[in-house]
Amino acid sequence: MQSKYKVGLLRLNLLLAALQPALLAPASASLTEALLLWLAAGWLAVSALLVEFSHRRPALVPWQLLPSLLLTALLLTAPERFPLWLWAWAGLVMLPQPAWMSALNLLLAGLGWGWLARGMAPEQTLLSGALLAGLLLLGLLRSRDLAPLRGAARRRVHLVPGMRLWPRAQLARDLARERARSQRDGVHGELVLLRTGRRRFWPQAQRLCELTRRFEHCYRLDGRTLAALLLSRDAEQAARRRADLLGRLGPVQRLRATPLAQVVSVSDECRALEQQPGSTRFPKEGGHG
Amino acid sequence: MGDTVHARIHALLYALAALLLLGQAGWHYLAGEYTRILLPAMLTPVVLTAALMRLGQPETARLSAYLVLVTGYLLVAMELPGPSSLAPFWLGLPPMLTLLLLPLGSAMLLNLTLTPIWLLLADAWLTPDLVLGYLALVVVAGLAPWEILHQRALLKATDPMDEECDAMRRSALHDRLQSECERAELLGQRLAVLLIHLPQLEMAREQFGSGAHRALLSALCDTVASCSRDHDLLGREGDADFWLVLPDTSESGALLVRQRLELALQRRVLLDTGQLEARLSVCCLRPEEEPASFVRRLQARAPHAA
C-alpha cells in the first residue's frame, strides 16, 4: 500500500524526467543530438512503464548501460549546449550496479570531462577535475552502500513481496532439510516441476502459491519452470493432490514429480524434465530411472 | 563497520576539499587576484571543521554535510556572475552536490527552491534552453537516490533475514510460525517456542557502541545455531527478543533445549559485555489452538516477566 504509493510517485517522476529531454529535442542543432535526446526520453518513459515493486524483472545490463552511453554521446556531440550535464555522472555511478560497470562509468565520466576541458583554462581544468572526482567518489560510496546487501540477499529473497515464491538457490538448501524432515515425520514429500509458457508464468506461479499449503514452498527455477515441495500423508494422497493441482492450475506443458528421497539434485531434475518423453511423468508410472 | 568506514572516507574527502580550497587561495595570490583570495581562505577552516565533525555523532555528522554544502554553494555563487564562459558548466554542480550530501526529500526541496537563485546568478547566459537543461539535470539526477530507496524498500519487503543478525525478520518469523502451526496440526505434531530475551543488548549499544551490539547478536545467533536442529527457526520478534520455533517438539523436549542453550550461552564470554546473559522461557502450542491466538499468547508472555 505504502510501497505501491511510492512506486506510483517514482513512475510519475520518471515520466516527468522523460518530458525534459523531449522538450529539449526540437531545439537541437543537429539530427544526432535530437536523436540522442529522443532516445533518452524513450529510455526514461519505458523505464517508467517497467518499474514495479518486485524482483520479477531484474534490470538487464544492456538496459542499465544505455543511459551512460547516451550521456557520453550527448557530451561529445553537444559540449557547448549541455556542459552542466557532466555532473550527472555522479548520479549514474550512484545507481546499484556491478563493479565493472562502475569502472566503465568512471572511465566515461573521465572521457566527458577531458572533452569539456579542452576549452578551459588550466586551473579551471584542474579544479573541475578534482571536484568531479570527489563527487564521483561520493556517488560510488552511496552505491556500495547497497552492494553487500544485494549480493547475499539476492539468493534468498521472495521474488514478489507477499508471495511464497523463492529463487532457485533457495531450493537447493531447502531440499536437503525437507528430505530429512519428511523422512523423520514419516510423510510423503515430493518435488514437483512444472513447465509453463513464458506468458502464463506469473499467473500460474501465483495460482500455484495459492493452491499449495502455507508450509509447502514454491520456487522459480527459470523463466518458465516452477517447482513446489509437496507434502502428503502417503503416495496415494500425493497422486490425488497432484491431479487436483493440475486440474485447477490450467494447462501446463510438462510436469514431473519425484519423491524427495529419490531427488539427487535440482539440475538433474531439470534435465530429466527436459528429456522426458511424455508431457507428464509421475513416480508410479515410470518407476525411478 | 560500513558506517565508520564511510565516515572516514567522507572525512578524508572533506579534508582533501579543504586542501583544494587552500590551493585555490594560493593560486589567486600568485595570479595577483587579491580580492578573490578571501573566500577560499575563509572556507578552508570551515571544511576542515566539517571533516572533523563527520567523524562525530550522527547529529554532528549531518551538520557537517550542510557545512560542505554551503561552502560549495558559496564558491559556485562567486563563480557564476563572472565573465568566464564556464558559468553554464558550474551551474550543474550545486544540485548534484545537494543530492549526494542530503537525503532525497530535503535535497529535492532545496534544489527546487534554489533554482531561481542559481538561474538569476547566471543571468548572462540565461536562455530557455539552459533553464530546461538545468531542470532536466535536477529531475533526472533525483532518480538515482530514489532508485536506491526503492531497492532498499524492496529488499526489506522481500528478504526474510534481519539486517543486523542471522535471524529472521519479524514479518517472516510470524509467517513461518503460522505455517509451522498448520503443519503441526496436519501431521498431529507438537510445536514449542523458546522465547529468548537479551537484557544486555540495549546497554551494549549505549555503552560500548555498535560493535559490541553486533557481537552480542552474532554470539546469540551462533550459539542458537549450534544448539538447534536444521529446521528450527530463529526469528527476531523485538529489538532484544527472539523466538526459536521448535517444530515437532514436546514441552519436555523444549525444556531440554532450553537447558542446553542456557549452558552454552553461559559459556560465551564477550570482550566488552562479559558473560552473555539471556532469559529463556518455553511456550507450547496447545492442541487445536488457532495460530493467531498462539501468537498472541507468545507476545503476552515477555520472557523477562516469566
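Residues numbered from 1 in each chain as written. Chains lettered and ligands numbered in written order. Predicted model: local features only at pLDDT ≥ 70, side-chain atom pairs only at ≥ 80, totals over all residues.

## Here's the deal with the interface of chain A and chain B
Alright, step 1. Contacts between the two partners involve 56 residues from chain A, matched on the other side by 54 residues from chain B.
Alright, step 2. Contributions of two or more residues to the side of chain A that touches chain B are made by helix 1 (2-24), helix 4 (89-94), helix 6 (122-153) and helix 7 (168-185) of chain A.
Alright, step 3. Its residues assigned to classes, the side of chain A that touches chain B shows 37 nonpolar, 9 polar and 10 charged. (Contact = placed C-beta atoms within 7 Å. Helix = DSSP H or I, 4+ residues; strand = E, 2+ residues; numbered from the N terminus. Nonpolar A, V, L, I, M, F, W, Y, C, P; charged D, E, K, R; others polar.)

## Remarks on the domain arrangement of chain B
Alright, step 1. Domain parsing of chain B yields domain 1 (2-158) and domain 2 (170-305).
Alright, step 2. Distance from the C-alpha centre of domain 1 of chain B to the C-alpha centre of domain 2 of chain B: 48 Å. (Domains from an automatic or database assignment.)

## Quick word on the domain arrangement of chain A
Alright, step 1. The domain architecture assigned to chain A consists of domain 1 (2-153) and domain 2 (165-286).
Alright, step 2. The distance between the C-alpha centroids of domain 1 of chain A and domain 2 of chain A comes to 43 Å.

## Some details on the nonpolar core
Alright, step 1. In terms of nonpolar packing, the biggest core is built from 74 residues, with A:Ala90 and A:Leu135 touching the most fellow members.
Alright, step 2. If one sorts the elements of this core by residue count, helix 7 (residues 128-158) of chain B sits on top with 10 residues.
Alright, step 3. Once residues within four sequence positions are removed from consideration, A:Ala90 is found in contact with A:Leu135, A:Leu136, A:Leu138, A:Gly139, B:Met96 and B:Leu100.
Alright, step 4. One finds B:Leu177, B:Val193, B:Ile196 and B:Ala204 within the second-largest nonpolar core, a separate group that totals 38 residues. (Core = buried A, V, L, I, M, F, W, Y, C linked by C-beta atoms within 7 Å. Buried ≥ 20, exposed ≤ 12 C-beta atoms within 10 Å, placed from the backbone.)

## Considerations on the pairing of strand 3 (residues 218-222) of chain A
Residue and element names in this part refer to chain A.
Alright, step 1. The pairing of strand 1 (residues 165-167) with strand 3 spans 3 bridges and is classified as parallel. Across the sheet, tryptophan 166 pairs through a bridge with tyrosine 219, a residue of strand 3.
Alright, step 2. Pairing geometry for strand 3 and strand 4 (residues 225-232), over 4 bridges, is antiparallel. Bridge assignment links cysteine 218 to a residue of strand 4, and that residue is alanine 228.
Alright, step 3. Here strand 3 folds back onto strand 4 in antiparallel fashion, the turn holding 2 residues. (Pairing = 2+ DSSP bridges.)

## As for the sheet that holds strand 3 of chain A
All names here are of chain A.
Alright, step 1. Across the sheet, which stays open at both edges, the 6 strands sit in the order 1-3-4-2-5-6 with mixed pairing between neighbours. Looking along the sheet, the strands with just one partner apiece sit at the ends: strand 1 and strand 6 (280-281).
Alright, step 2. Docked against the sheet, helix 8 (residues 201-211) engages strand 1, strand 3 and strand 4, running at close to 10 degrees with respect to strand 4.
Alright, step 3. Packed on one face of the sheet, helix 9 (residues 235-249) meets strand 2 (188-195), strand 4 and strand 5 (254-259) and runs near 140 degrees to strand 4. (Axes fitted to C-alpha atoms, helices over the stretch in contact; angles between N-to-C directions.)

## Here we look at helix 11 (residues 251-267) of chain B
All names here are of chain B.
Alright, step 1. With 17 residues, helix 11 ought to run about 24 Å at 1.5 Å a step, and its terminal C-alpha atoms sit 25 Å apart, in line with that.
Alright, step 2. Of the positions making up helix 11, those classed as buried are Ala254, Val257, Arg258, Leu261 and Leu265. The buried residues of helix 11 occupy an angular sector of 105 degrees when the element is viewed end-on, so they sit on one face. For helix 11, the exposed residues set more than 90 degrees away from the buried face come down to Ser252, Gln259, Arg260, Leu263 and Arg267.
Alright, step 3. Of the surrounding secondary structure, the elements contacted by the buried residues of helix 11 are strand 1 (191-197), helix 10 (210-227), strand 3 (241-247) and strand 6 (279-284). (Expected span 1.5 Å × (residues − 1). Arc of directions from axis to C-beta.)

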